[in-house]
Amino acid sequence: EIKNLEAIFDLRIANDEKIEPKDWMPEKYRQTHIRQISQHAHSEIVGMLPEGNWITRAPSLRRKVALLAKVQDEAGHGLYLYSACETLGVSRDDLYEQLHNGTAKYSSIFNYPTITWADMGAIGWLVDGAAIINQVPLTATSYGPYARAMVRVCKEESFHQRQGFEIMMALANGTPEQKEMAQDALNRWWWPSLMMLGPTDAASVHTEQSMKWKLKRKTNDELRQQFVDQTVPQAELIGLTIPDPDLKWNEETKRYDFGPLDWDEFWQVVKGHGPCNKQRIAARKNAWDNGKWVRDAAMAYAEKQEEKKLE
Ligand code: FAQ
């Protein structure tokens with residue numbers, strides 16, 4: 001019978017039909033979706049920390065309002081994604097527990113520090129830019145709740161990307177010190193942004209199966225190339241230099257060739273040894289512990305309401 005169900009499932013995938021929570025699915029399909037969607041959710045939540053660091057120090061009210069809205073959107077994306085993940089039969093408490101005890105991953109990019117205001121520009125421009133390139137294909141992913149979540153998330157990410165690029169543009173057109181600050185942020189965020197899109201296709205253990213299931217619609221290297229091709233002209237437009245001496249337009253392929261990435265650095269960060277890994281997890285655990293009384297109060301209130309209904 002399982003063979004039959006699997007054949008029907010494969011056919012539905014081949015026909016680009018969405019798989020919904022109550023549909024039969026192979027256990028590995030379910031598990032791999034829990035892995036990717038929960039890591040994605042954790043990334044959104046941990047991703048609030050580097051930018052949250054600058055909300056109180058934004059240089060104007062307008063900048064503060066925009067940054068605050070962006071960070072709130074990230075909270076929304078995280079909650080949306082946790083809900084999508086829960087439809088696969090895992091509890092939110094278990095997911096949080098996996099983040100807090102270090103068994104679940106979140107994006108490497110959020111383990112780098114935000115040391116100047118220009119980092120807010122670089123994150124919006126590069127990190128959200130890379131996130132859009134990764135997530136637009138996911139609007140066509142095979143699992144319905146994930147695909148639908150991505151539609152709204154991508155709309156908001158595109159506002160985030162513009163918000164960041166506009167900060168960079170203002171700095172790049174500002175005083176020499178401001179331009180230098182923008183260039184410095186680009187220098188520090190460029191390579192980690194390329195790494196964020198995941199290991200090379202040759203080193204990526206999940207890509208092949210995830211492409212078959214139409215969870216992933218493009219490979220890590222395809223997305224990385226697309227990101228470079230899109231971003232280089234944007235840097236040129238605002239007079240900043242991509243920190244890659246090997247970067248060169250290739251007339252034959254009509255794409256940019258770029259230099260090698262430092263994969264040792266990437267794996268170090270993924271394994272927990274990046275500049276801010278400990279700080280990020282400590283901040284999340286702290287928020288969870290300090291929020292306990294709020295959760296307890298909400299649960300007690302909900303129980304009382306239930307009791308009243310029964311009376
Ligand atoms: N960091 O075989 P693959 C955002 C792990 S956007 C850490 O290639 P896969 C918005 C990978 O999990 C950021 N770990 O894996 C925002 C696997 O380990 P595992 C989040 C990484 O899944 C912007 C192993 O390496 N976006 O938050 C990374 O096929 C600004 C082997 O890798 C998403 O999560 C990494 N960069 O491809 C928020 C998008 N890359 O699980 C705030 C959805 C790989 O076996 C501010 N996810 N690993 O222990 C995906 O598209 C995929 O999961 C990839 C990785 C492409 C990230």
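Rules and cut-offs
Residue numbers run consecutively from 1 along every chain, following the written order of its sequence. Local features are withheld for residues below a pLDDT of 70 in this predicted model, meaning they are given only at 70 or higher, and side-chain atom pairs are given and counted only at 80 or more; totals for whole chains, interfaces and linings count all residues. Values shown for side chains rest on all heavy atoms present in the structure; no hydrogens or waters enter the calculation. Numbering of helices and strands starts at the N terminus; helices are DSSP runs of H or I of at least 4 residues and strands are runs of E of at least 2. With C-alpha atoms as the basis for the radius of gyration, the globule rule is written as 2.2 Å multiplied by the number of residues raised to the power 0.38. For each residue, the accessible area found with a 1.4 Å probe, counting protein chains only, is set against the maximum for its type, and the residue is called buried under 20%, exposed over 50%, and partly exposed in between. A contact between two residues is defined here by any heavy atoms of the two lying within 4.5 Å. The convention is simple: Lys and Arg are positive, Asp and Glu are negative, and His and the chain ends are not counted. Note that the charge is assigned to NZ on lysines, CZ on arginines, CG on aspartates and CD on glutamates. The term salt bridge refers to a pairing of a side-chain nitrogen on Lys or Arg with a carboxyl oxygen on Asp or Glu at a separation within 4 Å. Residues are labelled near a given molecule or strand when at least one of their non-hydrogen atoms is within 4 Å of it. In the analysis that follows, any N or O atom pair within 3.5 Å is treated as a polar contact, provided that within protein one partner can donate a hydrogen and the other can accept it, and provided that, for residues neighboring in sequence, both atoms belong to side chains. Only the protein chains shown count as cover for residues, and the accessible areas themselves come from Shrake-Rupley with a 1.4 Å probe. Any residue outside Ala, Val, Leu, Ile, Met, Phe, Trp, Tyr, Cys, Pro, Asp, Glu, Lys and Arg is labelled polar, Gly included; the first ten of those are nonpolar and the last four are charged. Remark: nonpolar core denotes a set of buried residues (Ala, Val, Leu, Ile, Met, Phe, Trp, Tyr, Cys) joined through side-chain atoms within 4.5 Å. Note that a disulfide, as used here, is simply two cysteine sulfur atoms within 2.5 Å. Only the contacting stretch of a helix is used when fitting its axis, a line to C-alpha atoms as for every element, and angles between N-to-C directions run 0 to 180 degrees. We call two directions roughly parallel when the angle between them is under 35 degrees, roughly antiparallel when it is over 145, roughly perpendicular when it lies between 65 and 115, and oblique otherwise. Here is the rule for handedness: rotate from the far helix to the near one, and if that takes an anticlockwise turn smaller than a right angle the crossing is left-handed, while a clockwise turn gives right-handed.

The protein chain is annotated in an unreviewed UniProt entry as Phenylacetic acid degradation protein from Flavobacterium limnosediminis JC2902.

**Student:** What is the right way to look at the overall build of the protein chain in this model?
**Tutor:** Per the secondary structure count, the protein chain includes 13 helices and two strands. Relative to the 2.2 N^0.38 estimate, which gives 19 Å for 311 residues, the radius of gyration of the protein chain is 21 Å and therefore close to what a compact globule would have. Across its three principal axes, the protein chain shows a C-alpha extent of roughly 70 × 50 × 35 Å. Split into buried and exposed, the 311 residues of the protein chain put 47% on the buried side. If you take every contact in the protein chain between residues at least 6 apart in sequence, the share linking residues at least 24 apart comes to 76%. When the 39 basic and 44 acidic side-chain charges of the protein chain are each reduced to a single mean position, those positions are 3 Å apart.

**Student:** Whenever I open this one, the pattern of salt bridges confuses me. Can you help?
**Tutor:** Close approach of charged atoms allows side chains with opposite charge to pair. This structure, assessed with the given rule, holds 21 salt bridges. Taking the shortest distance from any N to any O, the salt bridge between Glu17 and Arg12 comes out at 2.9 Å. Residues participating in the shared-partner salt-bridge network are Glu51, Lys70, Glu74 and Asp128.

**Student:** It is not clear to me how the site of the ligand should be interpreted in this structure. Could you clarify?
**Tutor:** Taken together, 35 residues surround the ligand, and among them Lys105, Ser108, Ser204, His206 and Lys216 come closest. Separating an oxygen atom of the ligand from a side-chain N or O atom of Gln39 is a distance of 2.9 Å. The side chain of Ser204 places a nitrogen or oxygen atom 2.8 Å from an oxygen atom of the ligand. Contact with the protein chains covers 92% of the free accessible surface of the ligand, which is 1,100 Å². Those elements giving two or more residues to the shell around the ligand turn out to be α2 (27-46), α4 (61-86), α6 (118-135), α7 (144-172), α8 (176-196) and α11 (263-273). Sorting elements by how many residues they give to the shell around the ligand places α2 first, with six residues. Grouping the constituent residues of the shell around the ligand by class yields 13 nonpolar, 13 polar and nine charged.

**Student:** Just checking my understanding: could you explain the nonpolar core for this structure?
**Tutor:** A general trend in soluble globular proteins is that nonpolar side chains are found buried together. Within the largest apolar cluster, 50 residues are counted, with the highest numbers of intra-cluster contacts made by Met168, Trp189 and Trp190. Listed by contribution, the elements that provide at least two residues to this core are α3 (48-55), α4, α6, α7, α8, α10 (220-237) and α11. With ten residues, α6 is the single largest residue contributor to this core. Formed by 24 residues, the second largest nonpolar core is a distinct cluster that contains Met25, Tyr82, Leu95 and Tyr96.

**Student:** What should I look at first to understand the state of the cysteines in this one?
**Tutor:** A covalent bond bridging the sulfur atoms of two cysteines is what the word disulfide describes. On inspection of all chains with the given rule, the structure shows zero disulfides. Of all cysteine sulfurs, the one in Cys85 lies closest to Cys154, which takes part in no disulfide; the gap is 18 Å.

**Student:** When you look at the packing of α6 against α8 in this model, what are you seeing that I'm missing?
**Tutor:** A pair of packed helices is captured by two measures, namely the crossing angle of their axes and the spacing between those axes. The geometry of α6 relative to α8 is characterised by a closest axis approach of 9 Å and an angle of 25 degrees between their N-to-C directions. By the angle between their directions, the pair α6 and α8 is classed as roughly parallel. The element α6 and its partner α8 pack so that their crossing is right-handed. Contacts between α6 and α8 pair Ala118, Asp119, Ala122, Ile123, Trp125, Leu126, Val127, Ala130 and Ala131 from the former with Met181, Ala182, Ala185, Leu186, Arg188, Trp189, Trp190, Ser193 and Met196 from the latter. Split by residue class, the contact of α6 with α8 holds 15 nonpolar, one polar and two charged.

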